[in-house]
Structure formats: structure tokens, C-alpha cells
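The chain contents come next:
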Amino acid sequence: MRDVTKDNITDTFLGYFGEQTDPRLREIMESLARHLHDFARETQLTHAEWNKGLDILRQAGNITTPERDEFVLLSDVLGLSSLVDMINSSDDGTNSSVLGPFHVSNPPVRDMGADLRADNEGELILVRGRILDSDGNPISGATIDIWQTAANGLYSSQDPEQDIYNFHALFTTGADGEYQFTTVRPVSYTVPTDGPVGELLESTGRHPWRPSHLHYIVKADGYRDLVTEVFPDDDPYLDQDTVFGVRDDLVMTYVKQPASNFPESGCELSGKVDKDYYLVDFDVVLSKA
Ligand code: BEZ
Ligand code: FE
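Along each chain, residue indices are assigned from 1 in the same order as the chain's sequence is written. Chains carry letters from A onward and ligands carry numbers from 1 onward, assigned in written order. It should be noted that, the model being predicted, local features are given only for residues of pLDDT at least 70 and side-chain atom pairs only at 80 or more, the latter also being counted only at that level, while totals for whole chains, interfaces and linings use all residues. Where side-chain values are given, they derive from all heavy atoms of the structure, hydrogens and water being excluded.

Asks: Describe the overall build of the protein chain, and please don't skip the residues or the numbers.
Replies: Working definition: helices are DSSP H or I runs of at least four residues, strands are E runs of at least two. Numbering for both runs from the N terminus. Regarding its fold elements, the protein chain presents six helices and twelve strands. With the principal axes as the frame, the protein chain shows a C-alpha extent of 80 × 40 × 30 Å. Under the scheme applied here, a residue whose accessible area is under 20% of the maximum for its type counts as buried, over 50% as exposed, and between as partly exposed, the area being computed with a 1.4 Å probe on protein chains only. Here the protein chain holds 289 residues, and 43% of them are scored as buried. Here, residues are in contact when the closest pair of their heavy atoms is within 4.5 Å. Within the protein chain, counting contacts between residues at least 6 apart in sequence, those at least 24 apart form 70% of the total. Calculation of accessible area relied on Shrake-Rupley with a 1.4 Å probe; when residues are assessed, cover is drawn exclusively from the protein chains displayed. Summed over its atoms, the accessible surface of the protein chain is roughly 16000 Å², and 51% of this surface lies on carbon and sulfur atoms.

Asks: I'd like to hear about the coordination of the iron ion (ligand 2), residue by residue, with values.
Replies: Coordinating donors are taken as N, O and S atoms within 2.8 Å of the metal, stretched to 3.2 Å for Na, K and Ca; because water is absent from the atoms, sites can appear incomplete. Listed as protein donors to the iron ion (ligand 2) are Tyr155 (OH), Tyr189 (OH), His213 (NE2) and His215 (NE2); their distances from the metal cover 1.8 to 2.1 Å. Geometry at the iron ion (ligand 2) is irregular, judged from the six donor atoms that bind it and their angles of 55 to 167° at the metal. All geometry calls rest on donor angles, where a four-donor set with angles between 85 and 135 degrees is tetrahedral, four- and six-donor sets with opposite donors more than 155 degrees apart and all others between 65 and 115 are square planar and octahedral, and all else is irregular.

Asks: Outline empty space enclosed by the protein, listing residues and values.
Replies: Note on definitions: the grid is 1 Å and covers protein atoms alone; a cavity is a set of points where a 1.4 Å probe fits but cannot get out; a pocket is an open set with protein on both sides within 12 Å along at least five of seven lines; lining residues have an atom within 4 Å of a point. Grid points are joined across faces, edges and corners, and a volume is the space filled by probe spheres set on the points. Going through the model one piece at a time under the given rule, you end up with one cavity of 30 Å³ or more. By volume, the largest cavity is sized at about 130 Å³. Taken together, 15 residues make up the lining of the largest cavity; nearest its centre are Asp76, Gly100, Pro101, Phe102 and Val191. Considering every element that reaches the lining of the largest cavity, the biggest residue donor is helix H4 (residues 70–77), with three residues. Here the residues of the lining of the largest cavity are counted per class, giving ten nonpolar, two polar and three charged. Amino acids are sorted into nonpolar (Ala, Val, Leu, Ile, Met, Phe, Trp, Tyr, Cys and Pro), charged (Asp, Glu, Lys and Arg) and polar (every other residue, Gly among them).

Asks: Outline the domain arrangement of the protein chain, supporting the account with residue identities and numerical values.
Replies: Each domain of the protein chain was delimited in the assignment, giving domain 1 (9–45) and domain 2 (75–286). Domain segmentation is taken from an automatic or database assignment of domains. If you average the C-alpha positions of domain 1 and of domain 2, the two centres end up 39 Å apart.

Asks: So what about the side chain of Gln257? Which residues, and what values?
Replies: Among the secondary structure elements, Gln257 is positioned in strand S10 (residues 255–257). Side chain to side chain, Gln257 and Asn261 meet in a polar contact 2.7 Å long. Leaving out residues up to four positions away in the same chain, Gln257 has contacts with Asp276, Tyr277 and Leu279. A 3.5 Å cut-off defines polar contacts: any pair of N or O atoms within that distance qualifies, except that in protein one atom must be a possible hydrogen donor and the other a possible acceptor, and neighbouring residues in sequence count only when both atoms are side-chain atoms.

Asks: Just give me the short version of unusual backbone geometry, but keep the residues and values in it.
Replies: Its identity as a non-glycine residue notwithstanding, Gln44 has a phi of 50°, on the positive side. By the element assignment, Gln44 lies in the loop between helix H2 (23–43) and helix H3 (47–63). The backbone of Phe167 sits at a positive phi, close to 60°, despite the residue not being glycine. Mapped onto the secondary structure, Phe167 falls in the loop between strand S2 (143–147) and strand S3 (168–172).

Asks: Run through the pattern of salt bridges, naming residues and quoting values.
Replies: The salt bridge definition used is simple: a Lys or Arg side-chain nitrogen within 4 Å of an Asp or Glu carboxyl oxygen. On inspection of all chains with the given rule, the structure shows 16 salt bridges. The closest approach of N and O atoms between Asp283 and Arg130, which form a salt bridge, is 2.8 Å. One end of the pair, Asp283, is in the loop between strand S11 (277–281) and strand S12 (284–285); the other, Arg130, is in strand S1 (residues 124–132), and 153 residues separate them in sequence. The closest approach of N and O atoms between Arg185 and Asp234, which form a salt bridge, is 2.7 Å. Highlighted residues: Arg185 in the loop between strand S4 (178–184) and strand S5 (189–190) and Asp234 in the loop between strand S8 (226–232) and strand S9 (251–252), separated in sequence by 49 residues.

Asks: An account of the layout of surface pockets is requested, with residue identities and associated values reported.
Replies: Within this model, the largest pocket holds a volume of roughly 760 Å³. In terms of lining, the largest pocket is formed by 24 residues, of which the most central are Leu36, Phe39, Ala40, Leu45 and Trp50. Contributing elements (two or more residues each) for the lining of the largest pocket: H2, H3, H4 and helix H6 (196–203). Here the element with the most residues in the lining of the largest pocket is H3; it accounts for seven residues. Taken together, the residues of the lining of the largest pocket sort by class into 14 nonpolar, six polar and four charged. Viewed by domain, the lining of the largest pocket spans two of them, domain 1 (9–45) and domain 2 (75–286), each represented by three or more residues. The volume enclosed by the second largest pocket comes to roughly 280 Å³. The wall of the second largest pocket is formed by 22 residues, among which Asp85, Ser96, Ser97, Asp225 and Val227 lie closest to the centre. At the level of elements, H4, helix H5 (80–87) and S8 are the ones that each hand at least two residues to the lining of the second largest pocket. By residue number, the principal contributor to the lining of the second largest pocket is H5, which donates three residues. Within the lining of the second largest pocket, the residues separate by chemical class into eight nonpolar, ten polar and four charged.

What follows is the structure, given as C-alpha cells:
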């Protein structure tokens, strides 16, 4: 095509594809080109604005390391990560939510009922529930990978003062599908703001906060892996999570309990709790693979 115009450039682009192009790749590239070209036409994008957009990507590349992925964070704050999660979420299981960048591989295997607090500060919470199939049957042998922030709002991989496995644990369910552990109430925290994403948030008048949450990855043979989070219903950022991770079925009430209600057995802290604690009941439903 010699006579490329504003109006025919999209079709021209599509016409350059080779015969052998994978059909799914063709579908994605076609849609991407249509939306991208329409975006530029609709906004009458200037050179300076186009270059600013590229600059965000350049800076994201410069700050990204194996431990810190600014491109994922950009996708998160644009709502793209959550949208992809929702498009691919099952209809008959617990909703998924963002993975985030702070999961660590090979978390320590802990006994059911373990206390994750070590010498961390914070309010004691007992988290418990069942891993179920979509008919309500318990799933035995499911693994539950848990992680959360410390009281300073940092994950262990962000904070040289913390042991890398601080607040990371892996549990496996027995025949009853039940799980329980104690930990401290996680705190609300900000996503990293020292890169181009922080600048983007600031220039669009957005805050960088996420409501407090516990992260879960639940896996069981024959079922779809579930990456999700559980949030307390009284968190001030619940209705404005900067990465759009909150779903109705992931919001739980943290119910205050007297020490006398703490389970007499089954927990590392059984018989040792002498103050009020909070109970978080969160059942997880996995959908079939
Ligand atoms: C997180 O929940 O750990 C997280 C998710 C998205 C961006 C940054 C952090
Ligand atoms: Fe998180």
C-alpha cells in the first residue's frame, strides 16, 4: 500500500499479516491494532503525548528487576490484571484476585493450626475455613499457600529486616478439607510509588493504597488453581483498591472473640491465648479443572 491514510492504516496493517499467522495471534493483533489506532484517532494524540506514553514504558523497563516488575504493576493500576482475572475466573468457584509481585517460591510447609506471628507485632487473628468443591464436598490434599505484609506494610521480599519466609506458609488439608492458622491482622499498604507507576497515580490524582488482605494460592489435583485474597469488611480502602482486586465474596467480617472462645486444641496457640482475638471464617470453593 503506497497511499496510507489515517483511515486505511488499520486495514493496511492487517493486510501485512502472513498466511501462516496463528489464528489466535491474528485475532489478538487485529483487535489490538483497531483499538490502538482508534485511540490515537479519537484523542488526536500529539507527538509529545505519544512520547510520554513510551517514556512510561522506558522507565518501567529501567526499574524492572527479577524481584520488581513495574510492567505488572502498570497493568494492575490500569485495571488490566483484574480484568484478565475476571475474564478467566470460573463461574462456580471462589473469585480469583490479583497475585501481586510478593509471593515467594517454596514457602515453609507448616502443620495445620500453626502460628505465623513469630515475633511480629499486631492483633491476633485466627483464620479458618474449608476447601470445598462446587457441590460443597471437602477437598482432601489441597495445598494453601498464604502470604501477607508485616506491621510496617512491607512484604518480606521488600524488606531486608525480615526473614524471606516471614508470613509465608504452606498448609495441606486432611480428609475434612479444613484449614486453620493464626497470624496478625495484615495492614493496608501502598503499592511501590518510586517508579513511573507512582508518577502516573500522582498525576491522575489517585492514591496508591490497597486494603489489607491475606493472599491465598489454593491448589488440588483435578481442580483449577485459585489465586485469591481475603479482605476485612472494615478496611477504609475496600471501595478504592488501587489495583481493583476486591470482590464481594472475598470480603469477610473479622469477628472479635474473647480469649475463652479460642479452640482448646488443634492450634499451636491452643491453651496459650489470654487476650481477645479476631476470627476470620473463609471457605474456598475450587472449580473442576
Ligand atoms: C499485592 O497485593 O501484593 C500487590 C498487588 C498488586 C500490586 C502490588 C502489590
Ligand atoms: Fe498484597
